[in-house]
Amino acid sequence: MNKILFLLSIILLQLHSAYGQNLVPNPSFETFSTCPFIFNQMNVATGWGSYGETPDYLNSCGTSWGAPNNIYGRQIPMGEGYAHFYTYNNAPPPNQRRFPERIGSALSAPLIIGQKYYVRFRVSLTETSGWATSKIGIRFFTQNYSQSSPAPTDSFMHVFTDSTITDTTNWIPIFGSFVADSAYTHFAIGTFYDSAGVPKTKLPYAGLALATYYLDDICISIDSSICSIMPKAGFASSDNTVCRDSCITFIDTSYAAPPVVKRWTITKSATVILDTIANSFSFCFNESGSYDVKLSLNNNDGFDSIIKANFIEVYQDPEVGFQDSSIFCDLDSATIGTTVDAASYLWSNNDTSQSIMINNEDTFFLDIVDLNGCRGSDTTITFFPNSPIILLPQDTMICYGDSIFIGVPDINLSYLWSNGQTESMIWLNNGGVWTLQATNSFGCTSSDSISISIIDTINALDVQDTSVCIDESIQLSVQAIENIIWLPDLYLDNATSNTPISTPLEDITYIAMLSNQCFIDSVEVNISVLGCNFDVFIPNGVVNSNGEPYKIFIQGDYQDINFEVFNSKGERVHEANSPQNQWHTDEMLPGVYTYSFKAVTNNTVERKTGNITIVQ
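Residues numbered from 1 in each chain as written. Predicted model: local features only at pLDDT ≥ 70, side-chain atom pairs only at ≥ 80, totals over all residues. Heavy atoms only, no water.

### Observations concerning the overall build of the protein chain
Line of reasoning, step 1. The helix and strand inventory of the protein chain stands at one helix and 47 strands.
Line of reasoning, step 2. With the principal axes as the frame, the protein chain shows a C-alpha extent of 195 × 75 × 50 Å.
Line of reasoning, step 3. Residue burial in the protein chain is summarised as follows: out of 616 residues, 42% are buried.
Line of reasoning, step 4. In the protein chain, 62% of the contacts between residues at least 6 apart in sequence involve partners at least 24 apart.
Line of reasoning, step 5. Accessible surface, the protein chain as shown: approximately 32,200 Å² in total, 49% of it carbon and sulfur.
Line of reasoning, step 6. If you average the places of the 26 positive and of the 62 negative side-chain charges in the protein chain, the two averages end up 32 Å apart. (Helix = DSSP H or I, 4+ residues; strand = E, 2+ residues; numbered from the N terminus. Buried < 20%, exposed > 50% of the residue type's maximum accessible area, 1.4 Å probe, protein only. Contact = heavy atoms within 4.5 Å. Areas by Shrake-Rupley, 256 points an atom, 1.4 Å probe, with all protein chains shown as cover. Lys, Arg positive; Asp, Glu negative; His and termini not counted. Charge placed at Lys NZ, Arg CZ, Asp CG, Glu CD.)

Below, the structure is given as structure tokens:
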């Protein structure tokens, strides 16, 4: 009975010492015996040593082997120090190594069989690495190992990550839990795959033929809160720019201790498109535009979220721009194509040009890939119909006020006249050029025109009556028209002229009959014939400026006379209304003067002109 109580006391003491504490002595490599000054000095960190190959100890007290800056790059430690190890070594001989480096320590208390333990440690890829690996983890042992007696390489670990760690900026936690199946007293961190078997990735930038990592902040405890980590949200995607109706797979790069709730939110123009709880997922985008993506994490340790604005750009599929049908009126061949600039074109006849020549009625399909890689396609049916044939009558004339019914028979076409009417036959009463356009069911058009002239009414102007001396001629005149006949035609030189000459021997009345194709009118003119039977004598000889006054002589009765004399400048120098009104020339300069004479009786008009010379 006492032995049982003793054993129970030992177990309770172990549970008390293990519960609520980190079983890793010196978990952040803070205490050390000597400041590191060269590689392979893991043993100077208190409680730590090599469990394979030559891992390094780095501390802020050092220079080339210091922190945060050292020969491997830069990383800020959790405290003052951290460790360094490689998981893959492909350096050329003699530096090439088959087995990876591992860092190990003794536990502050043995693990209890059947007890669940939580594990957490943090790693960060060095900036000089040319490679990165996964399968970084922790393994527990019941014995100690050393550089000369390394831990086994058998691809087994109690807690590890399947993710390839490529982050050189942040500390990436590796965490998990397991149930102890032995009373383990020691552990080691690294990879337990050899260089040939460890999953590895060549990085896209120049670096060493190594995958090397910093190590810090190791925790092993029964209490999950001791080894807790605040969740860190992060994600990437299979692509960031896609075409409409394409799907994107979102890759979760976050870390959080389970249990964890992950919420994904996708928004477009502040409108939520998707809000779902999922570990990882794919989403298909059926609208073009820019999308924001947000990931939120929530577990027992806390909450974190990340939002990437305009993270996904969805391009609109290109439109080929075909119409349902392509009509080529009155053609034997034609060209069809698209105006869209694209990276590639593929027609249903396997042509890869932007445009193709066709000469047959068929269905043509075009598939294009634009410069964004988005695909568009369209189909068009080609037709080669003839345009309709329409013939309007020849140009014509109509009388003013009349109408004409004109057009073509209705033969199932659509019509459009130049005045906007759409009937096949219309009434027209205006002059001008009229055009009719006809369109068939294929949209093919043809047109014809007709010129219509309007025959206007006749509006004859009155002709003023006049008189002439017997045996004299006079010219008659009316407006120019198409047809004219003077009645009677007596004494006329041309009875069908609009300006005939008449030499009447007696008083006469003429009637001008005016006509065109539509209208008739007339105009009347009276001509009086005068006898002109009195004598007039006007001296036109030489007159002395110092002599007798100048006078004219008239024999016979008269009612009115007018006698005028003009000098060489056209200035009137004398005017007389009777023979007694004499011209006194003594005031005139010598020279030639011109006279104009007119005298009227009841039946006679007499006109004369001539010259008068005045000398000194």
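### Considerations on the environment of Gln 354
Line of reasoning, step 1. Counting through the fold element by element, Gln 354 comes out in the loop between strand 25 (344-347) and strand 26 (355-358).
Line of reasoning, step 2. Once the C-alpha coordinates of Gln 354 and Glu 606 are considered, the two residues, 252 residues apart in sequence, prove to be 97 Å apart.
Line of reasoning, step 3. When residues no more than four places from it in sequence are discounted, the contact partners of Gln 354 are Gly 337, Thr 338, Thr 339, Val 340, Asp 341, Tyr 345 and Trp 347.
Line of reasoning, step 4. Within the structure, the side chain of Gln 354 is placed 2.9 Å from the backbone oxygen of Thr 338, a separation counted as a polar contact.
Line of reasoning, step 5. Here the side chain of Gln 354 touches Val 340 through a polar contact of 3.3 Å, landing on its backbone oxygen. (Polar contact = N/O pair within 3.5 Å; in protein donor to acceptor, adjacent residues only side chain to side chain.)

### Some points on the state of the cysteines
Line of reasoning, step 1. If you walk through the whole model with that rule in mind, you get six disulfides.
Line of reasoning, step 2. Residue pairing for Cys 219: its cysteine sulfur links by disulfide to Cys 227, the two sulfurs lying 2.0 Å apart. Residues Cys 219 and Cys 227 share a disulfide whose torsion about the S-S bond is about -80 degrees; that sign makes it left-handed. Comparing Cys 219 with Cys 227, the two get one shared label, buried.
Line of reasoning, step 3. Two residues, Cys 243 and Cys 374, share a disulfide whose sulfurs are 2.0 Å apart. The sign of the -100 degrees torsion about the S-S bond sets the Cys 243-Cys 374 disulfide as left-handed. You can see Cys 243 sitting in strand 16 (residues 241-243) and its partner Cys 374 sitting in the loop between strand 27 (363-369) and strand 28 (375-383), a full 131 residues away along the chain. Take Cys 243 and Cys 374: they sit in the same class, and that class is buried. (Disulfide = S-S within 2.5 Å.)

### Section: the nonpolar core
Line of reasoning, step 1. Counting residues in hydrophobic clusters, the biggest one holds 53 residues, and the most contacted among them are Phe 121, Phe 140, Phe 187 and Leu 215.
Line of reasoning, step 2. Breaking this core down by element, the ones donating at least two residues are strand 1 (48-52), strand 5 (81-89), strand 7 (116-125), strand 8 (131-133), strand 9 (136-141), strand 11 (172-179), strand 12 (186-190) and strand 14 (210-221).
Line of reasoning, step 3. The residues contacting Phe 121, other than those within four sequence positions of it, are Ile 136, Gly 137, Ile 138, Ile 172, Pro 173, Ile 174, Ile 189, Leu 215, Asp 216, Asp 217 and Ile 218.
Line of reasoning, step 4. Phe 235, Leu 295, Leu 297 and Ile 312 belong to the second-largest nonpolar core, a separate cluster that totals 19 residues. (Core = buried A, V, L, I, M, F, W, Y, C linked by side-chain atoms within 4.5 Å.)

### Side note on the packing of aromatic side chains
Line of reasoning, step 1. Tallied over the full model, the rule gives 30 aromatic pairs.
Line of reasoning, step 2. Between Tyr 51 and Phe 141, the aromatic rings sit 6.5 Å apart at their centres with planes inclined by 40 degrees, giving tilted as the arrangement. Of this pair, Tyr 51 sits in strand 1 while Phe 141 sits in strand 9, and the two are 90 residues apart along the sequence. Across the pair, Phe 141 and Tyr 51 agree in class, each one buried. (Phe/Tyr/Trp six-rings, centres within 6.5 Å; stacked < 30°, edge-to-face > 60°.)

### Details of the sheet that holds strand 7
Paired through their backbone hydrogen bonds, the strands of a sheet run either parallel or antiparallel.
Line of reasoning, step 1. The strand order across the open sheet formed by five strands is 2-5-14-7-11, and the pairing between neighbours is antiparallel. Single-partner strands in this sheet number two, and they are strand 2 (56-59) and strand 11. With direction set aside, neighbouring strand axes in the sheet form an average angle of 35 degrees. (Pairing = 2+ DSSP bridges. Axes fitted to C-alpha atoms, helices over the stretch in contact; angles between N-to-C directions.)

### So, a nonpolar patch on the surface
Line of reasoning, step 1. On the surface, Ile 485, Leu 487, Ile 511, Met 513 and Ile 520 cluster together to form a nonpolar patch covering roughly 440 Å² of accessible area.
Line of reasoning, step 2. Every element with two or more residues in the nonpolar patch is listed here: strand 37 (483-487) and strand 39 (508-515).
Line of reasoning, step 3. Tracing the sequence through the fold places Ile 511 in strand 39. (Patch = residues over 30% accessible without salt bridge, like charges linked within 9 Å, V, L, I, M, F, W, Y side chains within 5 Å. Salt bridge = Lys/Arg side-chain N within 4 Å of Asp/Glu carboxyl O.)

### Remarks on the pairing of strand 14
Line of reasoning, step 1. Of all 12 residues making up strand 14, 12 are buried, and the element is well covered by its neighbours.
Line of reasoning, step 2. Pairing of strand 5 with strand 14 involves six bridges; the strand directions are antiparallel. Within strand 14, the residue paired with Ala 83 across the bridge is Leu 215.
Line of reasoning, step 3. Across seven bridges, strand 7 lies against strand 14 in antiparallel orientation. For Arg 120, the partnering residue across the bridge sits in strand 14 and is Cys 219.

### Points about the side chain of Thr 439
Line of reasoning, step 1. Looking at where Thr 439 falls in the secondary structure, it is placed in strand 33 (residues 432-439).
Line of reasoning, step 2. In this view, Thr 439 contacts Pro 388, Leu 413, Ser 414, Cys 444 and Thr 445; residues no more than four positions away in its chain are not counted.

### Considerations on the side chain of Asn 89
Line of reasoning, step 1. Among the secondary structure elements, Asn 89 is positioned in strand 5.
Line of reasoning, step 2. Accessibility expressed as a relative area gives 5% for Asn 89, which makes it buried.
Line of reasoning, step 3. A distance of 2.9 Å separates the side chain of Asn 89 from the backbone nitrogen of Ala 91, its partner in a polar contact.
Line of reasoning, step 4. Not counting residues up to four positions away in its chain, the partners in contact with Asn 89 are Asn 95, Gln 96, Arg 97, Ser 195, Ala 209 and Leu 210.

### Examining the confidence of the model for the protein chain
Line of reasoning, step 1. With 93% of its residues at a pLDDT of 70 or more, the protein chain has an overall mean of 88.
Line of reasoning, step 2. Below a pLDDT of 50 lies the segment residues 1-17, which in the model reaches one contact outside its immediate sequence neighbourhood of four places, other chains included. (pLDDT = per-residue confidence, 0-100.)

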